[in-house]
Amino acid sequence: MTHERDDEETQKDQKSISSLSPDYCGAQSSIVEEVNSNSAVKSSSKPSADDDDLVDEIDSIITDIEVKGKLDVTSLQDGENSKELKDKKRPVVENENPFLFKISNLIREGKCKNITVLSGAGVSCSAGIPDFRTPGTGLYDNLQKYDIPYPEAVFDLEYFSSNPAPFASLASEIWPGTKHSPTITHSFITLLHRKGILLRNYTQNIDGLEVISGLPESKLVECHGHFRTATCIKCSSPFDGIKCKDSILNEARVPTCPKCHNGLIKPDIVFFGESLPERFTHLLKNDLDNTDLLFVIGTSLEVAPVSYIPEMIHSECPRVLLNRELVGNFQSSKSGKTSTRDTFVKDDCDTSVRILSSYLGW
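Presented here is an overview of the structure given in this document. (Residues numbered from 1 in each chain as written. Predicted model: local features only at pLDDT ≥ 70, side-chain atom pairs only at ≥ 80, totals over all residues. Heavy atoms only, no water.)

## Some remarks on the pattern of salt bridges
- Scanning all chains against the criterion turns up 9 salt bridges.
- Put simply, Lys266 and Glu274 hold a salt bridge, and the shortest N to O gap is 3.3 Å.
- Among the ionic contacts, a cluster of salt bridges with common partners joins Glu217, Glu222 and Arg228. (Salt bridge = Lys/Arg side-chain N within 4 Å of Asp/Glu carboxyl O.)

Encoded structure:
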């Protein structure tokens, strides 16, 4: 199945981000225009100076991955330009990580043209967004200030119905485009799209950084929803996403439904007990059948049904885990029992992405 045909089949499921306010997802309109003219976002509002800074920052990240591969943060902070980056392009050192070198060869030789990426909270950690389950630093370990009976209650529909205030407080801190910028790994996924080899990114995150990094929505499945739209939890009537954002961020309250009058409005993120978006089930089977390389990045693989994706992929497909720990049914790349299709790189995902990019000559 070709990318073009697949995108045409799923076009009906897409909600154009051209209707969104540019401050809704930060500077994504400028970035998408830069990354992919076919999916450019037109904005009627003049971007702010902060938006311009965000665009420059992300453009530098993507350019650096393409040109240099391994990001030199110090040089970028000192204002090093792209010509200097090209002059200092690092040589490929195979023994730095032979496992990633093997994967880079598959991609460079054109054997992987339909890459699927399954990403989790670890992809966004370097953006300053904590994951959920890391002891001590994870989100669930730091929700005491919201005075909730148990950590998961903040995303529990029944609890939200009786006490929406804790969710409103948390949402104001993590709302996409307000405080956080895409990471190296987000930009790498967008770069896979620019190279024409990304079939789909299945993300478990609700931070919206994929869209801000310039990844077209046609290439994205937000398995646990997003903040761009909202719905009444009682009558299921759609509610304007921008008005929902304004109410939660500027008024510190969850809005009520104007149609049924007493139903609470919730951003379209998936709470515990809710079904995943239809787009997930609509695309998953065909995507898995056509995937020729699976990246699993920054996830504990503890939340079903998304956690089953690596097990559902066909047996001939290579699987690459870029993670701080071995998860799911992956086998260690250093084990004598290693599956011929599994590659596990135990490291920070941004670090692994830098090395892989250098091997690819990007």
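## With respect to unusual backbone geometry
- With omega at 5°, the peptide bond leading from Ala304 into Pro305 counts as cis.
- One non-glycine residue, Ser236, lies in positive phi territory at about 65°.
- Among the structural elements, Ser236 can be located in the loop between β4 (225-232) and β5 (238-239).
- We classify Ser236 as exposed; its relative accessible area is 54%.
- If you check the backbone angles, His261 has positive phi at about 75° while not being a glycine. (Helix = DSSP H or I, 4+ residues; strand = E, 2+ residues; numbered from the N terminus. Buried < 20%, exposed > 50% of the residue type's maximum accessible area, 1.4 Å probe, protein only.)

## Quick look at the state of the cysteines
- One pass over the full model with this rule turns up 0 disulfides.
- With no disulfide of its own, Cys232 lies 3.6 Å from the sulfur of Cys260, the closest cysteine sulfur.
- The thiol of Cys257 is unpaired, and the distance to the nearest cysteine sulfur, on Cys235, comes to 3.7 Å.
- With a relative accessible area of 4%, Cys257 lands in the buried category. (Disulfide = S-S within 2.5 Å.)

## Focus on the sheet that holds β4
- Taken in spatial order, the 3 strands make up an open sheet running β5-β4-β6, and their pairing is antiparallel. Whereas interior strands pair on both sides, the edge strands pair on one side only; in this sheet they are β5 and β6 (265-269).
- Examined bridge by bridge, β4 and β6 share 4 bridges and lie antiparallel to one another. Each residue of the ladder has a partner; that of Gly225, found in β6, is Ile269.
- Here helix α11 (residues 241-251) sits on the sheet and contacts β4, β5 and β6; the angle it forms with β4, its principal contact strand, is near 95°. (Pairing = 2+ DSSP bridges. Contact = heavy atoms within 4.5 Å. Axes fitted to C-alpha atoms, helices over the stretch in contact; angles between N-to-C directions.)

## Digging into the side chain of Gln204
- Inspection of the secondary structure puts Gln204 in the loop between β2 (198-203) and α10 (209-212).
- A residue is classified by how much of its surface remains accessible, and Gln204, at 12% relative accessible area, is buried.
- Each residue touching Gln204, except ones within four places of it in the same chain, is listed here: Leu118, Ser119, Gly120, His224, Thr299, Val303 and Val306.

## Details of the packing of aromatic side chains
- This model, assessed by the stated rule, comprises 10 aromatic pairs.
- Where Phe160 meets Phe271, the ring centres are 5.6 Å apart and the plane angle is 85°; that geometry is what we call edge-to-face. With a gap of 111 residues between them, Phe160 in helix α7 (residues 157-162) and Phe271 in the loop between β6 and α12 (278-290) connect regions that are remote in the sequence.
- With a relative accessible area of 1%, Phe160 lands in the buried category.
- On the numbers, 4.6 Å between centres and 50° between planes, the contact of Trp175 with Phe227 is tilted. Remark: Phe227 occurs in strand β4 and Trp175 occurs in the loop between α8 (165-174) and α9 (184-194); sequence separation between them is 52 residues.
- Note on Trp175: relative accessible area 1%, which makes it buried. (Phe/Tyr/Trp six-rings, centres within 6.5 Å; stacked < 30°, edge-to-face > 60°.)

All quantities given are derived from atomic positions and should not be read as evidence of function.
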